[in-house]
Amino acid sequence: MEFRDLKKQYRVLQSEIDSAILEVVTGSNFISGRQVSELEAQLASYVGVKHCITCANGTDALSLAMMAWGIGPGDAVFVPDFTFFSSGEVVSFAGATPIFVDVEEDTFNMSASSLEAAVKLVMEEGALTPKAVVPVDLFGLPANYGAILPIVEKYGLKVLEDGAQGFGGSMKLGAEQRRACSFGDISTTSFFPAKPLGCYGDGGAVFTEDDELASLLFSLRVHGKGEYKYDNIRIGMNSRLDTLQAAVLQVKLKAFAEHELTDVNQVAERYTDLLRDYVKCPRVPEGFGSSWAQYSILLGDRQERDGLQAYLKEQGIPSMVYYPIPMHAQKAFEGLDCVKMDLSVTASICGRILSLPMHPYLEAEEQDKVVNAVREYLQKK
Ligand SMILES: *Cc1c(COP(=O)(O)O)cnc(C)c1O
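Residues numbered from 1 in each chain as written. Predicted model: local features only at pLDDT ≥ 70, side-chain atom pairs only at ≥ 80, totals over all residues. Heavy atoms only, no water.

## Thoughts on the layout of surface pockets
Worth spelling out the cut-off: Points on a 1 Å grid, built from protein atoms alone, make a cavity when a 1.4 Å probe fits but cannot get out and make a pocket when they are open with protein on both sides within 12 Å along at least 5 of 7 lines; residues with an atom within 4 Å of a point are the lining residues. Grid points are joined across faces, edges and corners, and a volume is the space filled by probe spheres set on the points. Counting from the N terminus, the helices are the DSSP runs of H or I reaching at least four residues and the strands are the DSSP runs of E reaching at least two. Under this grouping Gly is polar, as are all residues other than the nonpolar Ala, Val, Leu, Ile, Met, Phe, Trp, Tyr, Cys and Pro and the charged Asp, Glu, Lys and Arg.
Approximately 500 Å³ is the volume attributed to the largest pocket. Along the wall of the largest pocket there are 26 residues; nearest its centre are Phe84, Gln165, Ser190, Phe192 and Lys195. Counting residues per element, the lining of the largest pocket draws most heavily on helix H3 (residues 58-69), at three residues. The residue makeup of the lining of the largest pocket, split by class, is twelve nonpolar, ten polar and four charged.

Right under this line is the structure:
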């Protein structure tokens, strides 16, 4: 059994993917081919945002946003303590200081009250200027923007939505049901193969409504270009999505919108129906939709989690611990003055969480095998 079965997805989409790839190879327009700008228009339209700027990966997408805003030394950027390393890495990479805030146990996403406490603390101390918040749409579920955006507004901060795992997720904001990657002043995603919408290598994208930011991001993506490629008006990056990846993504976006998002939600519902009497299943709050980058259960304690993972492994069932270490405890952030915040929810989750095999092509028999193994282990205990 595969944790995320990309081989099965390829078998289903093979003829379309093969011809899309062959078309790029035949045309040999490997950089900035027609498929790249076509894909950008398709992604912007799917998300419901004016501009999409594709780039080399999800980490660069976050860095491009930092550069566009000129965030650097002396600036504080608020990041959940429970996320993939990139969300905080890009802040330090820009020379700014990440301030880690706690998450909610039932959604795994940034806690608005912890965010506000952190902003107040930074303001009281006075050493750093609060600049931006990076809410992460973890495991496919958008962060609680209904609670986060008023705080952001109150303190005049910018929102950088890290939608690397959130693409396809949605939530009701005001009267509107809006898609992930539309909640930030700038939003980003990743097309790493295992993400909800993945390509065949590395890829990423930046989204914004703002025309000026969009043209700045287009420039920063290609060596800070001005009128043309050899007119360089600022320091930028080389961070393009190549044409082959764009061609693969065009096929995959179509499948994602037509059936994969629906299928993966059916898989999630079935997991929850079969497991909820045995273990704490992930919750999708009222008004939210998830794209299920992961299906993560919470065990009672570390011993039970590690025991279950070992038991599943014995039965040939892959599982993953996302994430074993809180951000503030990563060695790379050693010396950062960040542990004054109460980060106890993250610490507890890191010891108890386990992600099960999850993807739109997971079959009922495979799922039954996972469910039975989880039940057996918990009943034996
Ligand atoms: C995967 C991921 C990233 C980085 O994306 P890459 O394309 O691997 O650089 C950033 N943030 C989160 C939350 C992620 O899961």
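## Notes on the site of the ligand
The test is simple: Nearness is judged by heavy atoms alone; a residue qualifies as near a molecule or strand once a single heavy atom is within 4 Å of it. We define a polar contact as two N or O atoms separated by no more than 3.5 Å, with the added condition that, inside protein, one atom must be a possible hydrogen donor and the other a possible acceptor, whereas residues neighbouring each other in sequence contribute only through side-chain atom pairs. Exposure was quantified through the Shrake-Rupley algorithm and a 1.4 Å probe, taking into account, for residues, occlusion by the shown protein chains and nothing else. Any molecule with more than half of its atoms within 2 Å of a cavity's or pocket's grid points is regarded as sitting in that cavity or pocket.
Taken together, the neighbourhood of the ligand is formed by 14 residues, with Gly58, Thr59, Asp162, Ser190 and Lys195 sitting nearest. Contact distances for the ligand include 2.7 Å between an oxygen atom and a backbone N or O atom of Gly58. Separating an oxygen atom of the ligand from a side-chain N or O atom of Thr59 is a distance of 2.5 Å. Within the complex, the protein chains bury 92% of what would otherwise be the 380 Å² of accessible surface of the ligand. Given that more than half its atoms are within 2 Å of the pocket grid, the ligand belongs to the largest pocket. Tallied by class, the residues present in the shell around the ligand amount to three nonpolar, nine polar and two charged.

## Description of a nonpolar patch on the surface
Just so we agree on the cut-off: Without a salt bridge and with relative accessible area above 30%, a residue can belong to a patch; like charges are then joined within 9 Å and nonpolar side chains (Val, Leu, Ile, Met, Phe, Trp, Tyr) within 5 Å. Salt bridges are defined by distance alone: a side-chain nitrogen of Lys or Arg within 4 Å of a carboxyl oxygen of Asp or Glu. For every residue, the accessible area obtained with a 1.4 Å probe (protein chains only) is divided by the maximum for its type, and the residue is called buried under 20%, exposed over 50%, and partly exposed between those limits.
A cluster of nonpolar side chains, Val25, Phe30 and Ile31, forms an exposed patch at the surface whose accessible area comes to about 250 Å². Take Ile31: it is sitting in the loop between helix H1 (6-27) and helix H2 (34-47). Given the relative accessible area of 43%, Ile31 is considered partly exposed.

## Here we look at the sheet that holds strand S8 (residues 186-190)
The cut-off we apply is this: By this definition, two strands are paired if DSSP reports at least two bridges between them. All axes are obtained by fitting lines to C-alpha atoms, using only the stretch in contact for helices, and the reported angles, taken between N-to-C directions, cover 0 to 180 degrees. A contact between two residues is defined here by any heavy atoms of the two lying within 4.5 Å.
The sheet built from seven strands is open, its strands ordered S1-S9-S8-S5-S4-S2-S3 with mixed pairing. At either margin of the open sheet sits one strand with a lone partner, and together these are strand S1 (51-55) and strand S3 (97-101). Recorded for the sheet is a direction-independent mean angle of 30° between the axes of neighbouring strands. Summarising the sheet, S1 and strand S9 (residues 204-208) pair through five bridges and their orientation is antiparallel. Opposite His51, over in S9, you have Thr208 as the bridge partner. Sitting on the sheet, H3 touches S1, strand S2 (75-80), strand S4 (129-133), strand S5 (158-162), S8 and S9, and the angle it makes with S8 is about 160°. Sheet strands in contact with helix H7 (residues 211-221) are S1, S8 and S9, and its direction is about 15° off that of S1.

## Regarding the pairing of strand S11 (residues 295-298)
The two faces of S11 match: Tyr295 and Ile297 on one face and Ser296 and Leu298 on the other face are all buried. Where S11 lies against strand S12 (residues 353-356), four bridges are found, and the strand directions are antiparallel. Bridge pairing in S12 places Ser296 opposite Ser355.

## Description of the side chain of Asp162
We apply this condition: Working convention for charge: Lys and Arg count positive, Asp and Glu count negative, and His plus the chain ends are omitted.
Relative to the helices and strands, Asp162 is located in strand S5. The side chain of Asp162 sits in the buried core without any salt bridge; Lys195 is the nearest counter-charge, 6.9 Å away. Beyond its immediate stretch of four places on either side in the chain, Asp162 contacts Leu62, Ser87, Val134, Pro135, Val136, Asp137 and Thr188.

## Points about the packing of helix H5 (residues 112-125) against helix H6 (residues 145-154)
What counts here: Reported orientations rely on four angle classes, namely roughly parallel under 35 degrees, roughly antiparallel over 145, roughly perpendicular from 65 to 115, and oblique for the rest. Left-handed describes a crossing whose near helix is turned anticlockwise from the far helix by less than a right angle; the clockwise case is right-handed.
Close contact between H5 and H6 brings their axes to 9 Å; oriented N to C, the two are set at 15°. Relative to H6, the element H5 lies roughly parallel. Of the two possible hands of crossing, H5 and H6 adopt the one that is right-handed. Within the contact between the two elements, H5 uses Ala112, Leu115 and Glu116 and H6 uses Ala147, Ile148, Ile151 and Lys154.

## Considering helix H4 (residues 86-93)
Turning to H4, its buried residues number three or more, namely Ser86, Ser87, Gly88, Val90 and Val91. Of the surrounding elements, those touching the buried residues of H4 are H3, S2, S3 and S5. Just beyond H4, the residue with positive phi is Gly95, at close to 90°.

## What to know about the pairing of S4
Pairing between S2 and S4: four bridges, direction parallel. Across the sheet, Ala76 pairs through a bridge with Pro130, a residue of S4. Note: S4 against S5, two bridges, orientation parallel. Considered in S5, the bridge of Val133 is made with Val159.

## Describing a negative patch on the surface
Our working rule: In this description, the location of a charge corresponds to atom NZ of lysine, CZ of arginine, CG of aspartate or CD of glutamate.
Together, Asp185, Glu209, Asp210 and Glu212 make up a negatively charged patch on the protein surface. Within the fold, Asp210 resides in the loop between S9 and H7.

## Quick word on the packing of H1 against helix H8 (residues 243-275)
One way to put it is that H1 packs onto H8 with a least axis distance of 9 Å and a crossing angle of 140°. The pairing of H1 with H8 is recorded here as oblique in orientation. Crossing geometry of H1 relative to H8 is assigned as right-handed. Residues Leu6, Gln9, Leu13, Glu16, Ile17, Ala20, Ile21, Val24 and Val25 of H1 form the contact with H8, whose own contacting residues are Thr243, Leu244, Ala247, Val248, Val251, Lys252, Lys254, Ala255 and Glu260.

## Structural notes on the nonpolar core
Selection rule: Take the buried residues of types Ala, Val, Leu, Ile, Met, Phe, Trp, Tyr and Cys, join any two whose side-chain atoms come within 4.5 Å, and each joined set is a nonpolar core.
Residues Leu43, Phe167, Phe207, Tyr271, Tyr295 and Leu356 are the most contacted members of the largest nonpolar core, which totals 46 residues. At the level of secondary structure, the elements contributing two or more residues to this core comprise H2, S9, H8, S11, helix H9 (302-314), S12 and helix H11 (364-380). Per-element accounting of this core gives the leading share, ten residues, to H8. When sequence neighbours within four positions are dropped, the list of residues in contact with Tyr295 reads Ala268, Tyr271, Thr272, Cys281, Pro282, Leu354, Ser355, Leu356 and Met358.

Functional significance is not addressed by these values, which are geometric in nature.
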